[in-house]
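# Examining the three-dimensional arrangement
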Amino acid sequence: MVVKPIRSERGRRISLPVVGTVPLPEPQHLAFYAVLVALGVLEIVEWPVVGIVAVGHLLAGQHRHLTLQQVGEAAEAA
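A brief structural summary. What you see is a predicted model; the values in this text were computed from it and never measured.

### Side note on the overall build of the protein
Along the backbone of the protein there are three helices and three strands. Across the protein, helices and strands are ordered from the amino to the carboxyl terminus as β-β-β-α-α-α. Relative to its full complement of 78 residues, the protein shows a buried share of 8%. A total accessible area of about 6,500 Å² is found for the protein, and carbon and sulfur atoms account for 66% of it.

So this is what it looks like as structure tokens:
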């Protein structure tokens, strides 16, 4: 498996063989995810909780995403 890091105007991306090009989170977010994984591995927090917190953190960081903004504006208008 060959993983190629790519730098673009939209930030860092990584090219995976089967998945394609995937954006990488900022370094402070990667540290947050690493701590979450460590908590799961050490069994301090159960894996379903780790998954829920990670997805929530990912979604909270997507507030600048244009499609999500449009969905939110449509929900406000309804």
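From this point, things continue past the structure.
### Description of a nonpolar patch on the surface
On the surface, a nonpolar cluster with roughly 210 Å² of combined accessible area is contributed by Phe32, Val49 and Val53. As for its placement among the helices and strands, Val49 is situated in helix α2 (residues 47-60). On the basis of relative accessibility, which here comes to 43%, the residue Val49 falls in the partly exposed class.

Reading the values: rules and limits
Residues numbered from 1 in each chain as written. Predicted model: local features only at pLDDT ≥ 70, side-chain atom pairs only at ≥ 80, totals over all residues. Heavy atoms only, no water. Helix = DSSP H or I, 4+ residues; strand = E, 2+ residues; numbered from the N terminus. Buried < 20%, exposed > 50% of the residue type's maximum accessible area, 1.4 Å probe, protein only. Areas by Shrake-Rupley, 256 points an atom, 1.4 Å probe, with all protein chains shown as cover. Patch = residues over 30% accessible without salt bridge, like charges linked within 9 Å, V, L, I, M, F, W, Y side chains within 5 Å. Salt bridge = Lys/Arg side-chain N within 4 Å of Asp/Glu carboxyl O.

What is shown is where atoms sit, not what they do.
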